[in-house]
Amino acid sequence: MKKAINRGIPYLILALLIFAMAAGLDGYMSIKIMRIVDHALDGNMGLFKKEAIEGFILAGILLPLYLLTSITRGLYINRSLVKSKIYYIESLFKKNINEFQEENNAKYLSALTNDMNNVEQKYLVGIYETGASFISFLVSFIVMASVSPLVLFIGIGISALSALLTMILGKPLQRHERQRSDLFEGYTSYIKEVLGAFQIIKANNLNDKVKKDFFKKSKDIQYKGYIIDKISTYISALQQFIMMMSIFLIFMISVYMAIKGSITAGAVILIVNNMEGMFFPLMNLTDIFPKIISVKSLFEKMDHSLKNHDDYEETLDLDDFKHSIDFKNVSFSYDDNEVLQNIDISIKKGEKYLIVGPSGGGKSTLLKLLRKYFNPTKGEILIDGKNLRDVKKESYFKNISNVEQQVFLFEDTVRNNITLYKDYSDEEINLAIERAGLSDFVKGLPNGLDTMIYDNGKNISGGERSRIAIARGLLANAKIIFLDEAFASLDSKVAQEIEKTLLSLEGVTVVNVSHVIFKETKDKYNKVFIVKNKAVV
């Protein structure tokens, strides 16, 4: 994550350069004010007017510089955050499908919302504020050193002491931030679950249980936030106390030096103004550092969530499917639970296969192996003589099309849900629609293919959702089509028509996992595989 965020460093450098110009000019304004006061007390009106006019000009220049400082700061934070989010999404889609499915999606939702918000507020803002505080401190240091080195070093000593105290007090923040991140992850998962089970909760009168659980999870998060705020408040209060006492002490020393004639009255004003310029950056740093450090644990957590446990390097490309997919003594286990044992089957190009079997018998696992979602525990799967494990996923996926039982639809037009945002001619789209039995459905829509689908297809029927998924597979012109209970939501007449269409596709390999079997089409398959008792018959 940090590498992605570091891509915004050029913008950070630009923002700090603009800030340095503004801070330097502001420091020079302090010197101007000192001179104006001293000339006024000396009665030198000529020099007083000259310095005053120059001061007004400098103040006019400061305004656009301050505006530019704000703009460049926002640009740095915006670009860095966008780059880090893009990196996270890109890395997330490099996850192995089986490993992603094993995890709770709430982990990723929490990372992209709550954790990213912490990265912005505590890390990106913190890094900028650290640079800006250092520049402010340096400018005040130079300005004060030009007037009274003694007062300067007294101020530095007091500032260093306060910084040490607040750094020590800030250490617990890291632990609490990590705990709150974990709580948010659980909270996000719970909200997702509750919204997904809305109908079940209402129908079974589970409202009270949901309220009770929601109250507890919300209370835990808010209490953890209260602890973090309380620690931050203690640190801030200590900072304010030390700063006010230090400024008062430095003021008294400066006044005493002015009475003795060591410095002028204007110098007293300059010292007091710039003591704030020194104290505030140091106090700011002691507040920022614990927050920056606390984000370190979030980076580690986010990076860990993106890692694949199986990091086997795939080296082969598959340009085309020409001959067959062969299982050679393949076994597969979920941990210690063996599902398939010593499987030897062959899927030949252009042939059609029906996979049936009892629930839990292993037919879905067989399909996942064919889809390269899993790799065999033992044995090997060869595609045109190449070990499927060595074939790059992206290369393999270009040759296959998946039609799932649980169809996902984007909140977009019917056209985009069928084409999946790829370019096809109207003739190709219309042919896929006809073959999938969608023609009457599309004709009945108010805006045809440009009609919007909402909330994963809640404004269309389950059968129409399935046919859209089948149209996707037909339109992709894939060499291999895998169907997973694709006809479960269709009436038998429509399902048989679509099945006949799929079985008539020349040169296309079709593998259909289904518990829906039609006598009229069963004999059109080249082979029927029965998966049960860990074997394929």
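Summary of the structure given here. This is a predicted model, so every value here is computed, not measured. (Residues numbered from 1 in each chain as written. Predicted model: local features only at pLDDT ≥ 70, side-chain atom pairs only at ≥ 80, totals over all residues. Heavy atoms only, no water.)

Turning our eyes to something else, we now look at unusual backbone geometry. Glycine aside, the phi torsion of most residues is negative, and most peptide linkages are trans. Unusually for a residue other than glycine, Asp 335 sits at a positive phi of about 55°. Mapping Asp 335 onto the fold places it in the loop between β1 (324–334) and β2 (337–343). Here Asp 335 falls in the exposed class, since its relative accessible area comes to 77%. The phi angle at Leu 420 is positive, at roughly 50°, despite the residue not being glycine. Since its relative accessible area comes to 34%, Leu 420 is described here as partly exposed. (Helix = DSSP H or I, 4+ residues; strand = E, 2+ residues; numbered from the N terminus. Buried < 20%, exposed > 50% of the residue type's maximum accessible area, 1.4 Å probe, protein only.)

Moving on to the nonpolar core. Among the nonpolar cores identified, the biggest contains 44 residues, and Tyr 88, Val 119, Tyr 123, Leu 124, Tyr 128 and Phe 299 are the most heavily contacted of them. For this core, the elements supplying multiple residues, two or more each, are α2 (9–42), α3 (45–92), α5 (106–145), α9 (207–259) and α10 (265–306). With sequence-adjacent residues up to four places away left out, Tyr 128 is seen in contact with Leu 12, Ala 15, Leu 16, Phe 19, Thr 69, Arg 73 and Tyr 76. By size, the runner-up hydrophobic cluster in this structure holds 35 residues, among which are Ala 469, Leu 475, Ala 495 and Leu 502. (Core = buried A, V, L, I, M, F, W, Y, C linked by side-chain atoms within 4.5 Å. Contact = heavy atoms within 4.5 Å.)

Its location among the elements puts Val 442 in helix α15 (residues 439–443). Residue Val 442 is classed as buried on the basis of its relative accessible area of 12%. Distance in space between the C-alpha atoms of Val 442 and Val 494 is 15 Å, their sequence separation being 52 residues. Once you skip the residues sitting within four places of it in the chain, Val 442 turns out to touch Ile 433, Gly 448 and Leu 449.

Sheet topology note: the β1/strand β3 (residues 346–348) ladder contains 3 bridges and is antiparallel. Bridging across to β3, Ser 324 finds its partner in Lys 348. In this structure, β1 lies alongside strand β5 (residues 378–383), joined through 5 bridges in antiparallel fashion. When the bridges of β5 are listed, Lys 328 appears paired with Glu 380. (Pairing = 2+ DSSP bridges.)

Let us look at helix α11 (residues 363–370). An α-helical turn contains 3.6 residues, so any two residues separated by three or four positions project in the same direction. Where burial is concerned, most of α11 is hidden: 6 out of the 8 residues are buried. When α11 is considered as a whole, its buried residues turn out to be Lys 363, Thr 365, Leu 366, Leu 367, Leu 369 and Leu 370. Lys 372, located one to two residues past α11, shows a positive phi value of around 70°.

A few words now on the packing of aromatic side chains. Overall, the coordinates contain 10 aromatic pairs when judged by the stated rule. Ring geometry for Phe 19 versus Tyr 128: centroids 6.5 Å apart, planes at 75°, classification edge-to-face. You can see Phe 19 sitting in helix α2 and its partner Tyr 128 sitting in helix α5, a full 109 residues away along the chain. Of the two residues examined, Phe 19 and Tyr 128, each falls in the buried class. With a centroid separation of 5.7 Å and 90° between ring planes, the pair formed by Tyr 334 and Phe 374 is classed as edge-to-face. Linking Tyr 334 in strand β1 with Phe 374 in the loop between α11 and β5, this pair joins segments that are 40 residues apart in sequence. For Phe 374, a relative accessible area of 10% corresponds to the buried category. A cation sits over an aromatic face here: Arg 389 above Tyr 312, 4.1 Å from the ring centre. (Phe/Tyr/Trp six-rings, centres within 6.5 Å; stacked < 30°, edge-to-face > 60°. Lys NZ or Arg CZ within 6 Å of the ring centre and 35° of its normal.)

If you trace the 6 strands from one edge of the open sheet to the other, you get β7-β8-β9-β4-β10-β11, paired in mixed fashion. Edge positions in the open sheet fall to β7 (400–403) and β11 (535–536), since each of these has one partner strand only. Judged from the 5 bridges that link them, strand β8 (residues 480–484) and strand β9 (residues 509–513) form a sheet pairing that is parallel. Within β9, the residue paired with Leu 483 across the bridge is Asn 512.

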